[in-house]
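# Examination of the molecular architecture
What follows is each chain in one-letter form.
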There are 2 protein chains.
Amino acid sequence: MLKDLALFNKIANLLLKSEEEHPIANPIPPEDLYDKLDISLGAAPASETFFEKTIEDLILSTPRTATKLFFNQLFGGRNSKATLGDLLAVLLNNSMYTYKVAGPQVGIEKEILHKVCDIIGYPKDSDGTFAPGGSMSNFMAMLMARDAYNSSIKTEGVTQKLTLYTSAESHYSIPKNAAFIGVGREQVRHIETNKNGQMISEKLESKITEDLANGFHPFFVNATAGTTVLGAFDDIPLLSLICRKFNLWLHVDGAYCGSVIFSSKYKHLITGLEQADSFSFNAHKMLGTPLTCSIIVTKHKKHLYDSFSNDAAYLYQTDGDDYNLGKTSIQCGRRNDALKLWVLWKSVGTEGLEKIVDHQFYLAKIARSYIKSNPDYTLYSFDDSISVCFNYKNIPAQTLCTALYKNAELMVGFGTFNNEEFVRLVTINTKNTEKEILAFFKAIEKFVAKDPAFQGTEVFEQ
Amino acid sequence: MLKDLALFNKIANLLLKSEEEHPIANPIPPEDLYDKLDISLGAAPASETFFEKTIEDLILSTPRTATKLFFNQLFGGRNSKATLGDLLAVLLNNSMYTYKVAGPQVGIEKEILHKVCDIIGYPKDSDGTFAPGGSMSNFMAMLMARDAYNSSIKTEGVTQKLTLYTSAESHYSIPKNAAFIGVGREQVRHIETNKNGQMISEKLESKITEDLANGFHPFFVNATAGTTVLGAFDDIPLLSLICRKFNLWLHVDGAYCGSVIFSSKYKHLITGLEQADSFSFNAHKMLGTPLTCSIIVTKHKKHLYDSFSNDAAYLYQTDGDDYNLGKTSIQCGRRNDALKLWVLWKSVGTEGLEKIVDHQFYLAKIARSYIKSNPDYTLYSFDDSISVCFNYKNIPAQTLCTALYKNAELMVGFGTFNNEEFVRLVTINTKNTEKEILAFFKAIEKFVAKDPAFQGTEVFEQ
């Protein structure tokens, strides 16, 4: 192992240095991959020198998500403490299903879960787990809701027309999961949003009433804390009232921005969260841990066990259910996604997590101010969001983002809302400062100014 | 990052050294965790010295799955090349959903999938993906089968009484997944096995016939390549014939032992695999990569897309569907589980993977020989399995395994088959040689000899 640890260090140092010098790796068109890199797997082993060179080439050609020019996803940057935690998790290689083989790692997972429940004001006997990504957290929530609505589904299968509700701006995993759990995509009601991308509660209530009148069985409402495109927060107290009235499970999908629970300044965005039946968030987004670090908690421990536990005598051989985490997981063997967040949290404290969250809103504010003060830009998003959506000189966002990518200038994506397409700048990399945010805009301006394709205006008329 | 890389190296070296000296960490009873380790998370940051000490304590107290005394699970050991790959994946932190942000990592994932399809004799346009663990691979297979049987379920939900078939010795994820997908646990038929733990095909056929006569809708048969307890292989050609006769989807769950596809000597155990509609295996088991590295392939690319693709304009912005791997995944954001296997495979070649697989059968043979030649032992398992099941001096397996664990002597688990309970030695750590396997038995003998609790026989009479 020592030799390969040395090789890891060598490549890591090369990469870190290269990231400073070239924050964007030159993109390789997919059809050129096999020409540019030796990706193929063959029968014979590689010679040592050849092997090292191949790995180095591969690593240095891979898109760089940790640099100051990466704004393409709802994650970015590299938190060194969290990275340390995840590197250690790889080396330890525990599976989180039992206390016997994960030991104290079970303890750190439970400490995180209890602390999160505590922070959001959940009752003491609440519980949760780590899911492999935000989509799977939503899956778990929907499944608990389904089984809580009708416990016989677990044994007998789906027999009713169950309906569920989510905003038109919510994540695509909601209809996907509805198909998975046997409810079906057609039973997903996409509720219209207001101009800020929030679910309109009156529309929700009337749709539920209509469904009930038509003999459907409403069971689940998904609220979003940070919609994928606009970063909008649904109004939890309003939705919660409706859920209580109709006895529906309320889940808050905070995959993107649920980490505002750590900020005294921004937790007002998820006011009422303690009324939700379940809540999930991705620490690999706002908190900057490596992928994936997805947490789901529920105040109904019973339903967590009812939907996910399964006896397995060959597996659960020591210690109680409370310490054998496989009993509350969709997975069996499961990697340790808790350690990265625990190491970060231990190092900076809850105060430090708050600073991380607040800094992202601060960067977004800088970006919005710049846009507002510059007539070449149009702003589409609003305060209290770390998605800053805009267009520059009416250039179609897709054209601009693709050109920036192909020329290795910037990694940024686009989104749409109300038929408007725009660039979506996500200020999620906490390493960035005002300087990098302003440099982002300067890079666009310089690129557009020098590229002849952007000089004619006719292409860009809407 | 450099400072935390240095800390990683410091702790890694401490751990590697400590693993040599103490292959088993002293187990901490769960109720003592907070007394023994500083696990709690608080508001304030930790001082640097305190932080380092805390992390070190935690890492050194965690159960050691990489050592020569760990035989407790269907994984174990530490392959240094695969570990190198996974450490690099942490540092790169790509999400595998799009080519734009994963680039060549998409290429290496696809290379592995194509190579696996090729090796098992699947047609050229077959495809697959990486799932977060073997249970989720089985989930994906069952879901594809459900949707292939009745494509309206995706949109309308489950309306029929669908039935599925698996052996009594198969993994618990099968009934769990049946509950998840809205089919229900009661619709899972657990088919009896023969004395070697293989599904009895006549029983399968008669159950299907009976279900059809009763108006049920059979859609899926799960065969197992390496049952969890005995390591038994279902007879694929026999099951395949039945599946073709009744037009059912045949999945082969090779989570544990599917890696025999790499061995000319042992691939006869999965003869007929090319007839299966889907196949999954965990490289984190027999191939020794860090968790998780679960691969599922299918010869029905269409069904992979039909069940798992979802448009998302904000996400899929460049390159074709073939390179945007999110279209065939249950997840959205997804960590890079491919790199660890690719680095290992590139380094040792397919020949090297074959050696890894063969060595485990060789170690199992040594263990069985030892047991057979020693009258104090009873053997319960058979040739062609890397699960070696036995009892020693009629000591109840649970008592023995728990005592070995609590005294930090050995990490090994127990299992049951046909009402017999026995110790299950899994020879999956390829670093081990004959010496470590014989030392395993000597450790048990010495432990039993010295512990007064094992001196009376009355406790152990069956």
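From a predicted model like this one, the values you see are computed outputs, not experimental measurements.

A few words now on the overall build of chain A. From N to C terminus, chain A includes 15 helices and twelve strands. Taken against the 2.2 N^0.38 rule, which gives 23 Å for 462 residues, the C-alpha radius of gyration of chain A at 24 Å falls within 12% of a compact globule. In chain A, the proportion of contacts linking residues at least 24 apart, taken out of those at least 6 apart, comes to 71%. Surface accessibility of chain A: about 15500 Å² in total, with carbon and sulfur atoms responsible for 50%. Counting 47 positive and 53 negative side-chain charges, chain A places the centres of these two groups 3 Å from one another.

Applying the stated rule across the entire model yields 44 aromatic pairs over all chains. Judged by centre distance (6.1 Å) and plane angle (90°), the ring pair of Phe390 of chain B and Phe440 of chain B falls under edge-to-face. Placement of Phe390 of chain B in strand 10 (residues 387–392) and of Phe440 of chain B in helix 15 (residues 434–450) is noted, with a sequence separation of 50 residues between them. For the pair formed by Phe390 of chain B and Phe440 of chain B, the shared burial category is buried. An aromatic cluster of at least three residues, connected via ring pairs, comprises Phe71, Tyr370, Tyr377, Phe390, Tyr392, Phe440 and Phe441 of chain A. In this arrangement the basic side chain of Lys110 of chain B is found over the ring face of Tyr323 of chain B, its NZ or CZ atom lying 5.3 Å from the centre. For the cation-ring pair, Arg189 of chain B lies above Phe216 of chain B, with the distance from its terminal atom to the ring centre recorded as 4.8 Å.

Looking now at the packing of helix 1 (residues 2–21) of chain A against helix 4 (residues 80–92) of chain B. The contact between helix 1 of chain A and helix 4 of chain B brings their axes to 9 Å, and the two run at 25°. One finds that helix 1 of chain A runs roughly parallel with respect to helix 4 of chain B. The element helix 1 of chain A and its partner helix 4 of chain B pack so that their crossing is right-handed. Taken together, the residues of helix 4 of chain B that come into contact with helix 1 of chain A (itself represented by Asp4, Leu5, Leu7, Phe8, Ile11, Ala12 and Leu15 of chain A) are Ser80, Lys81, Leu84, Leu87, Leu88, Leu91 and Leu92 of chain B. Taken together, the residues of the contact of helix 1 of chain A with helix 4 of chain B sort by class into eleven nonpolar, one polar and two charged.

The subject of this paragraph is the side chain of His284 of chain B. All names here are of chain B. The residue His284 is located in the loop between strand 7 (278–282) and strand 8 (294–298) in this model. Polar side-chain contacts of His284 include one of 2.9 Å to the backbone nitrogen of Cys293. Residues in contact with His284, not counting those within four places in the same chain, are Phe75, Thr289, Pro290, Leu291, Thr292, Cys293 and Ser294.

At the junction of the two partners, chain A supplies 140 residues and chain B supplies 140 residues. Of the roughly 12500 Å² buried between chain A and chain B, counting both surfaces, carbon and sulfur atoms make up 62%. Counting the contacts that link chain A with chain B gives four salt bridges. Between Lys81 of chain B and Asp4 of chain A there is a salt bridge, and its shortest N-O distance comes to 3.0 Å. At the surface where chain A touches chain B, the tally comes to 75 residue pairs in polar contact (both at pLDDT 80 or more). With eleven residues, helix 1 of chain A is the largest single contributor of residues to the side of chain A that touches chain B.

This paragraph deals with the pairing of strand 5 (residues 217–224) of chain A. Successive residues of a regular strand alternate their side chains across the two faces of the sheet. Residues and elements named next belong to chain A. Taking burial as the measure, the eight residues of strand 5 include seven buried ones, the bulk of the element. In the sheet, strand 3 (residues 162–167) pairs with strand 5 via five bridges, with the strands oriented parallel. By the bridge assignment, Leu164 is partnered in strand 5 with Phe220. Pairing of strand 5 with strand 6 (residues 249–254) involves five bridges; the strand directions are parallel. Residue pairing across strands places Asn222 opposite His251, the latter belonging to strand 6. A crossover connection joins strand 5 to the parallel strand 6 through helix 11 (residues 236–246); in handedness this β-α-β unit is right-handed.

Here the focus is the pattern of salt bridges. Under the counting rule described, the total for this entry stands at 50 salt bridges over all chains. Across the pair Arg146 of chain B and Asp147 of chain B runs a salt bridge whose closest N-O atoms are separated by 3.0 Å. Among the residues examined, Arg146 of chain B registers a relative accessible area of 0% and is labelled buried. The exposure class of Asp147 of chain B is buried, given its relative accessible area of 5%. When salt bridges with common partners are traced through the structure, they connect Asp86, Arg335, Asp337 and Lys340 of chain A into a single cluster.

On to helix 1 of chain A, then. Under the 1.5 Å per step criterion, the end-to-end length of helix 1 of chain A is 29 Å for 20 residues, consistent within 8% with the ideal 28 Å. Those residues of helix 1 of chain A that fall on the buried side of the exposure criterion are Asp4, Leu5, Leu7, Phe8, Asn9, Ile11, Ala12, Leu15, Leu16, Ser18 and Glu19 of chain A. Each element contacted by the buried residues of helix 1 of chain A is listed here: helix 3 (48–61) and helix 4 (80–92) of chain A together with helix 1 (2–21) and helix 4 of chain B.

Each copy superposes on the other: chain A lies on chain B with an RMSD of 0.0 Å after a rotation of 180° and an axial shift of 0.0 Å. Within this description, the copies of the chain are treated as partners about a two-fold rotation axis. Most of the interface of chain A is mirrored in chain B, where 100% of its interface residues are also at the interface.

Structurally, a disulfide amounts to a covalent bond that connects the sulfur atoms of two cysteines. All names here are of chain A. With the rule as written, the count across this model stands at zero disulfides over all chains. Here Cys243 is not cross-linked by a disulfide; its sulfur's nearest cysteine counterpart is in Cys117, at 19 Å. Relative accessible area serves as the criterion here: at 4%, Cys243 is assigned to the buried category.

For helix 3 (residues 48–61) of chain B, with 14 residues, the first-to-last C-alpha span of 20 Å sits near the 20 Å given by 1.5 Å per residue. What helix 3 of chain B keeps buried is the set Phe51, Thr54, Ile55, Glu56, Leu58, Ile59 and Ser61 of chain B. Turning to helix 3 of chain B, the residues buried within the fold contact helix 4, helix 6 (104–119) and helix 13 (338–372) of chain A together with helix 1 of chain B.

This part takes up the sheet that holds strand 5 of chain A. Residues and elements named next belong to chain A. Overall, mixed pairing links the seven strands, which are arranged 2-8-7-6-5-3-4 in an open sheet. The open sheet is flanked by strand 2 (127–131) and strand 4 (188–191), the only strands paired with a single partner. In this sheet, adjacent strand axes meet at a mean angle of 20° when their direction is disregarded. Across five bridges, strand 2 lies against strand 8 (residues 294–298) in antiparallel orientation. Considered in strand 8, the bridge of Asp127 is made with Thr298. Along the sheet face, helix 7 (residues 134–149) touches strand 2, strand 3, strand 5, strand 6, strand 7 (278–282) and strand 8 and points at about 150° away from the line of strand 5.

Procedures and definitions
- Residues numbered from 1 in each chain as written.
- Chains lettered and ligands numbered in written order.
- Predicted model: local features only at pLDDT ≥ 70, side-chain atom pairs only at ≥ 80, totals over all residues.
- Heavy atoms only, no water.
- Helix = DSSP H or I, 4+ residues; strand = E, 2+ residues; numbered from the N terminus.
- Rg over C-alpha atoms; globule rule 2.2 N^0.38 Å.
- Contact = heavy atoms within 4.5 Å.
- Areas by Shrake-Rupley, 256 points an atom, 1.4 Å probe, with all protein chains shown as cover.
- Lys, Arg positive; Asp, Glu negative; His and termini not counted.
- Charge placed at Lys NZ, Arg CZ, Asp CG, Glu CD.
- Phe/Tyr/Trp six-rings, centres within 6.5 Å; stacked < 30°, edge-to-face > 60°.
- Buried < 20%, exposed > 50% of the residue type's maximum accessible area, 1.4 Å probe, protein only.
- Lys NZ or Arg CZ within 6 Å of the ring centre and 35° of its normal.
- Axes fitted to C-alpha atoms, helices over the stretch in contact; angles between N-to-C directions.
- Parallel < 35°, antiparallel > 145°, perpendicular 65-115°, else oblique.
- Left-handed = near helix turned anticlockwise from the far one by under 90°.
- Nonpolar A, V, L, I, M, F, W, Y, C, P; charged D, E, K, R; others polar.
- Polar contact = N/O pair within 3.5 Å; in protein donor to acceptor, adjacent residues only side chain to side chain.
- Buried area = accessible area lost by both parts, 1.4 Å probe.
- Salt bridge = Lys/Arg side-chain N within 4 Å of Asp/Glu carboxyl O.
- Pairing = 2+ DSSP bridges.
- Right-handed = clockwise from strand over helix to strand, strands pointing away.
- Expected span 1.5 Å × (residues − 1).
- Least-squares fit on C-alpha atoms with pLDDT ≥ 70 in both.
- Disulfide = S-S within 2.5 Å.

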